[in-house]
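# Topology and contacts: notes
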Amino acid sequence: MKAANQKTALVTGASSGFGLLISIELAKGGYDVAAGMRRPEAAGELLQQAAKFGVAERIRVIELDICSEEQVQAAARSVEQELGRLDVLVNNAGIAVGGFVEEVPLSEWRRQLETNVIGTVSVTQSMLPLMRRTGKSKMILISSISGVVGFPGYGPYAASKFAVEGLGESLAMELMPLGIDVVLVQPGAYGTPIWRKSFGELKVREGSPYSGMLKRVLAYSERTAKKSGDPLEVARLVARIAGMKHPSFRYRLPRSTRLTGRIKAWLPDRFFQRLIVRLLGRE
Ligand SMILES: NC(=O)c1ccc[n+]([C@@H]2O[C@H](COP(=O)([O-])OP(=O)(O)OC[C@H]3O[C@@H](n4cnc5c(N)ncnc54)[C@H](OP(=O)(O)O)[C@@H]3O)[C@@H](O)[C@H]2O)c1
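Quick caveat: nothing in here was measured; it's all calculated off a predicted structure.

What counts and how
- Residues numbered from 1 in each chain as written.
- Predicted model: local features only at pLDDT ≥ 70, side-chain atom pairs only at ≥ 80, totals over all residues.
- Heavy atoms only, no water.
- Helix = DSSP H or I, 4+ residues; strand = E, 2+ residues; numbered from the N terminus.
- Rg over C-alpha atoms; globule rule 2.2 N^0.38 Å.
- Buried < 20%, exposed > 50% of the residue type's maximum accessible area, 1.4 Å probe, protein only.
- Contact = heavy atoms within 4.5 Å.
- Near = heavy atom within 4 Å.
- Polar contact = N/O pair within 3.5 Å; in protein donor to acceptor, adjacent residues only side chain to side chain.
- Areas by Shrake-Rupley, 256 points an atom, 1.4 Å probe, with all protein chains shown as cover.
- Pairing = 2+ DSSP bridges.
- Axes fitted to C-alpha atoms, helices over the stretch in contact; angles between N-to-C directions.
- UniProt positions renumbered as here; feature names shortened; annotations may be inferred.
- Phe/Tyr/Trp six-rings, centres within 6.5 Å; stacked < 30°, edge-to-face > 60°.
- Patch = residues over 30% accessible without salt bridge, like charges linked within 9 Å, V, L, I, M, F, W, Y side chains within 5 Å.
- Salt bridge = Lys/Arg side-chain N within 4 Å of Asp/Glu carboxyl O.
- Lys, Arg positive; Asp, Glu negative; His and termini not counted.
- Charge placed at Lys NZ, Arg CZ, Asp CG, Glu CD.
- Parallel < 35°, antiparallel > 145°, perpendicular 65-115°, else oblique.
- Left-handed = near helix turned anticlockwise from the far one by under 90°.
- Core = buried A, V, L, I, M, F, W, Y, C linked by side-chain atoms within 4.5 Å.
- Right-handed = clockwise from strand over helix to strand, strands pointing away.

### Digging into the overall build of the protein chain
- Of the regular secondary structure elements, the protein chain holds ten helices and seven strands.
- Here the protein chain has a C-alpha radius of gyration of 19 Å; the compact-globule value for 283 residues is 19 Å, and the two agree.
- Counting only C-alpha atoms and orienting by the principal axes, one finds that the protein chain spans roughly 65 × 40 × 35 Å.
- Residues classed as buried in the protein chain amount to 48% of the 283 residues present.
- The contacts in the protein chain between residues at least 6 apart in sequence include a share of 74% that link residues at least 24 apart.

Right, here's the structure in full:
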């Protein structure tokens, strides 16, 4: 039988990328992990990797499309019944819609904000009652450097991650008196499938005034993706945060991304914007 003090975690978007690796790192750290995915049939890779590390029995896959209120509520019931407590919630699931603000169809804007913002709020609302009953617990929000800097061609994604940052700030103070730590993790570009799923198909309209900039944005994104670090760094950081008594509020990685954030904070806004546009000009 499961010990009453056995630590538990829920990770959303666990089918690939950070979510998959975070689930494994948490299981390796001794957590019983509910791995939420909207396509449970995609659980093979996670379960294979978990088996390789001898932690498959600590992972249970649950069907969780964060945009389906029904599935979110069902997931909350299943975590409560099967795990009995929730020590760590990792709000990781997300998509990246690329494109220029003027040209991205409103339906794509809605899909972006519905997933990264409303979906995250929905999971948060449904899991908080169990987290409050658990007592000292943690909510880790996977934000992005795009929640700090709105790069051209990344408008919808940046808007969603700036919203996640605001959500995190309010939540942190709302939950502080209840013993729940809210933590924002802001990764730079890492080579996970998210870029192939989104920016790979980025196009501009026929005769678009943005076609020159698109080429430069894509070239820049490709360069960054090639130089990007190992996504395991992010997963290990999240697992470390899960175990911390007094985590900081924000973590930014890798080092180059911390530098970008600092440069933005130091420079006057217009200067910083000109710098980015000029850097994008270097193909
Ligand atoms: N990679 C980076 O460079 C980077 C940088 C900063 C922040 N991030 C953030 O990191 C998080 C994870 O992304 P990733 O890079 O690991 O990419 P990823 O491999 O594409 O992972 C995204 C995960 O979210 C899931 N997802 C998407 N929509 C969902 C929905 N409606 N309900 C449930 N799950 C859904 C995806 O499921 P499917 O497999 O079904 O699509 C996938 O499991 C995202 O929030 C992303 O914005 C990534």
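The discussion continues.
### Concerning the site of the ligand
- The local shell around the ligand holds 30 residues, among which Ser16, Tyr157, Tyr190, Thr192 and Lys197 are the closest.
- Interatomic distance of 2.7 Å between a side-chain N/O atom of Lys197 and an oxygen atom of the ligand.
- Relative to its unbound accessible surface of 880 Å², the ligand loses 98% to contact with the protein.
- Contributing elements (two or more residues each) for the shell around the ligand: α1 (17-28), α5 (155-175) and α6 (194-198).

### Some thoughts on the sheet that holds strand β6 (residues 180-187)
- One open sheet accounts for seven strands, arranged β3-β2-β1-β4-β5-β6-β7; its pairing is parallel. At either margin of the open sheet sits one strand with a lone partner, and together these are β3 (59-63) and β7 (250-253). On average, adjacent strands in this sheet sit at an angle of 15° to one another, irrespective of strand direction.
- Relative to β7, β6 runs parallel, the two being bridged by four bridges. Bridging from a neighbouring strand, Pro187 pairs with Leu253 of β7.
- Its contacts with the sheet place helix α2 (residues 44-52) against β2 (32-37) and β3, and it is angled at close to 170° to β3.

### A few points about the UniProt feature "domain: Ketoreductase" (unreviewed entry) in the protein chain
- Taking the numbering used here, the UniProt-annotated feature "domain: Ketoreductase" (unreviewed entry) corresponds to residues 7-190.
- With 47% helix and 18% strand, the stretch residues 7-190 has end C-alpha atoms that lie 29 Å from each other.

### A look at the packing of aromatic side chains
- Considering all chains together, one arrives at four aromatic pairs under this definition.
- When the ring of Phe100 is compared with that of Tyr210, the centres are 5.0 Å apart and the planes differ by 10°; the resulting orientation is stacked. In this pair, Phe100 is assigned in the loop between β4 (88-91) and α4 (106-134) and Tyr210 in the loop between α6 and α7 (211-227), connecting sequence segments 110 residues apart.
- What links up through ring pairs into an aromatic cluster is the set Phe151, Tyr154 and Tyr220.

### Structural notes on a positive patch on the surface
- Positive charge collects at one region of the surface, where Arg38, Arg39, Arg196 and Lys197 lie side by side.
- Tracing the sequence through the fold places Lys197 in helix α6.
- A relative accessible area of 51% places Lys197 in the exposed class.

### So, the packing of helix α3 (residues 69-83) against α4
- Look at α3 against α4: their axes get within 9 Å of each other, and the N-to-C directions meet at 15°. Our classification of the angle between α3 and α4 gives roughly parallel. Considering how the two elements wind past one another, α3 and α4 form a crossing that is right-handed. Only Ser122, Val123, Ser126, Met127, Leu130 and Arg133 of α4 make contact with α3, whose side of the interface consists of Glu69, Val72, Gln73, Ala75, Ala76, Val79 and Glu80.

### Quick word on the nonpolar core
- Counting 35 residues, the largest nonpolar core has Ile22, Leu26 and Val185 as its most contacted members.
- Apart from residues no more than four positions distant in its own chain, Val185 is found in contact with Ile140, Leu141, Ile142, Ser143, Ser144, Leu237, Val238, Ile241, Tyr251 and Leu253.
- With 27 residues, the next largest nonpolar core counts Ala76, Leu89, Met131 and Leu175 among its residues.

### With respect to the environment of Val121
- As for its placement among the helices and strands, Val121 is situated in helix α4.
- Residue classification places Val121 among the partly exposed positions, given a relative accessible area of 26%.
- In the structure, Val121 is positioned 16 residues away from Ser137 in sequence and 17 Å away in space, judged by C-alpha atoms.

### Details of the side chain of Thr257
- Residue placement: Thr257 occurs in helix α9 (residues 255-266).
- Among residues more than four places away in sequence, those in contact with Thr257 are Ile145, Gln186, Pro187, Gly188 and Arg252.

### Digging into the pairing of β3
- In the sheet, β2 pairs with β3 via five bridges, with the strands oriented parallel. From the neighbouring strand, Ala35 faces β3, where its bridge partner is Val61.
- Handedness of the crossover is the feature at issue here: the chain leaves β2, passes through α2, returns alongside β3, and the resulting connection is right-handed.

### Regarding the environment of Gly179
- Considering the arrangement of structural elements, one finds Gly179 in the loop between α5 and β6.
- According to the relative accessible area criterion, Gly179 is partly exposed, its value standing at 24%.
- Through-space distance from the C-alpha of Gly179 to that of Gly17 is 30 Å; in sequence the pair is 162 residues apart.
- In this view, Gly179 contacts Gly135, Lys136 and Ser137; residues no more than four positions away in its chain are not counted.

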